[in-house]
Amino acid sequence: MKYSIITINYNNCEGLRRTIESVARQTYRNYEFIVIDGASTDGSGEVLKQYDNAITYWVSEPDKGIYNAMNKGIARATGDYLNFMNSGDCFYADDVLERVASHTSDADIIVGRDYHFSATKQQGHASIQPPRLSMLTFFVSTLDHQSSFIRRSLFDGCPYREDFRLVSDWIFFTEQVVDHERRVEFIPNIICRREEGGLSEKQRERNRTEIDRYLHERLSPGIYADYSTLSRLDKTTLYRLFGILDNPQKRRWLIRCIKLINKIF
């Protein structure tokens, strides 16, 4: 199994260095490494030249944004599965690709877990995987692209939309899983150690605005209102609710509890 690791970068030379080194240390060697830099002016070009032997292909030139850069990487990719490990994010361990390859899955999308580490708090946590995937799942969350391995053929004629600045990976996963029913396999392995404070985290309001713009395009007002109500639960609670509602015995107990609460209040 061949993997294409795609890294995009803009003016994050030290983050780029960490990412390159984490890829170069992988014990599994059947991969190609593609780096797309947006004509950085902070020394990233020098980093790319320094690690030229560890990179299959790299370019440093102006682009039209995050997803334009990612699409450039996709156009160059020849692997069976693509992984997007952006600058500053790193593989969690040196044997990550080896462990992923050992699963020998034929899924369209293989999804591991992220490790979110806060340098200020000196602590971290692994991401939570949903018990199942549906439109409601994507209404409140998405799959982490740093820890996902996407079959190359899914991008044929379907690159990332460049008319959205922050959420085109979310749109891609939503359409591939909900509309096209692609097979997704969750694996327990932690794939990525994420850098604190990514672009989407800094611009959460704009991120949500773009998501709502897309959702209003595809959902009727009534369905949007129902999903919006359910999304007021935190993600962990919502995922647990999925498990309860899918289990007849647990569902009966939940209904009894709700009726009891109604009587009390």
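Please read these numbers as outputs of a predicted model, since none were measured by experiment.

Rules of the game
Residues numbered from 1 in each chain as written. Predicted model: local features only at pLDDT ≥ 70, side-chain atom pairs only at ≥ 80, totals over all residues. Heavy atoms only, no water. Helix = DSSP H or I, 4+ residues; strand = E, 2+ residues; numbered from the N terminus. Buried < 20%, exposed > 50% of the residue type's maximum accessible area, 1.4 Å probe, protein only. Core = buried A, V, L, I, M, F, W, Y, C linked by side-chain atoms within 4.5 Å. Contact = heavy atoms within 4.5 Å. Phe/Tyr/Trp six-rings, centres within 6.5 Å; stacked < 30°, edge-to-face > 60°. Lys NZ or Arg CZ within 6 Å of the ring centre and 35° of its normal. Salt bridge = Lys/Arg side-chain N within 4 Å of Asp/Glu carboxyl O. Patch = residues over 30% accessible without salt bridge, like charges linked within 9 Å, V, L, I, M, F, W, Y side chains within 5 Å. Areas by Shrake-Rupley, 256 points an atom, 1.4 Å probe, with all protein chains shown as cover. Lys, Arg positive; Asp, Glu negative; His and termini not counted.

Student: For this particular structure, what's the right way to read unusual backbone geometry?
Tutor: Negative phi values dominate among residues other than glycine, just as trans dominates among peptide bonds. The phi torsion at Ala39 lies on the positive side, around 60°, for a residue other than glycine. Here Ala39 lies in the loop between β2 (31–37) and α2 (44–50). The partly exposed category is assigned to Ala39, whose relative accessible area is 26%.

Student: How should the nonpolar core be read in this particular structure?
Tutor: Core analysis: the biggest nonpolar cluster contains 42 residues, and Phe84, Ile109, Ile150, Phe155, Tyr160, Trp170 and Leu215 have the highest contact counts within it. For this core, the leading source of residues is helix α6 (residues 168–179), giving five residues. Excluding residues that lie within four positions of it along the chain, Ile150 makes contacts with Asp80, Tyr81, Leu82, Phe84, Asp108, Ile109, Phe155, Tyr160, Phe172 and Phe173. Counting 27 residues, the second-largest nonpolar core is a separate cluster that includes Tyr28, Val96, Ala107 and Cys192.

Student: What am I meant to see in helix α3 (residues 66–76) here?
Tutor: Every buried residue of α3 is accounted for by Tyr67, Asn68, Ala69, Met70, Asn71, Gly73 and Ile74. As for α3, its buried residues are in contact with β1 (3–9), β2, β4 (81–84) and α6.

Student: Honestly, the packing of aromatic side chains in this entry has me stumped. Any pointers?
Tutor: According to the stated counting rule, one finds 16 aromatic pairs in the structure shown. Here Tyr92 and Tyr115 contribute two aromatic rings whose centre-to-centre distance is 5.5 Å and whose plane-to-plane angle is 55°, an arrangement assigned as tilted. Residue Tyr92 is located in the loop between β5 (90–91) and α4 (96–102), and its partner Tyr115 is located in strand β6 (residues 109–118); the two are separated by 23 residues in the primary sequence. A relative accessible area of 40% places Tyr92 in the partly exposed class. Ring geometry for Phe164 versus Tyr214: centroids 6.4 Å apart, planes at 80°, classification edge-to-face. With Phe164 in the loop between β8 (148–151) and α6 and Tyr214 in helix α8 (residues 204–218), this residue pair connects regions lying 50 residues apart in the sequence. We classify Phe164 as buried; its relative accessible area is 2%. Members of the aromatic cluster, connected to one another through ring pairs, are Tyr67, Phe84, Phe155, Tyr160, Phe172 and Phe173. The ring of Phe164 is capped by Arg213, whose NZ or CZ atom sits 4.0 Å from the centre of that ring.

Student: Please explain the pattern of salt bridges as it appears in this structure.
Tutor: Oppositely charged side chains are able to pair whenever their charged atoms sit close together. Here the structure, examined in full by the defined rule, presents 17 salt bridges. Across the pair Arg206 and Glu210 runs a salt bridge whose closest N-O atoms are separated by 3.9 Å. A residue pair is termed a helical-turn pair when its members lie 3 or 4 positions apart in one helix, as Arg206 and Glu210 do in helix α8 at four residues. A residue is classified by how much of its surface remains accessible, and Glu210, at 8% relative accessible area, is buried. Residues joined by salt bridges that share partners form a network here, namely Arg161, Asp163, Arg213 and Glu217.

Student: Is there a simple way to think about a nonpolar patch on the surface in this case?
Tutor: On the surface, a cluster of nonpolar side chains totalling about 500 Å² of accessible area is made up of Leu260, Ile261, Ile264 and Phe265. Secondary-structure assignment places Phe265 in the segment after α11 (248–264). The exposure class assigned to Phe265 is exposed, which follows from its relative accessible area of 81%.

Student: Honestly, the side chain of Asp37 in this entry has me stumped. Any pointers?
Tutor: Tracing the backbone shows Asp37 in strand β2. Notably, Asp37 is buried but unbridged: the nearest opposite-charge side chain belongs to Lys72, and the N-O separation is 9.7 Å.

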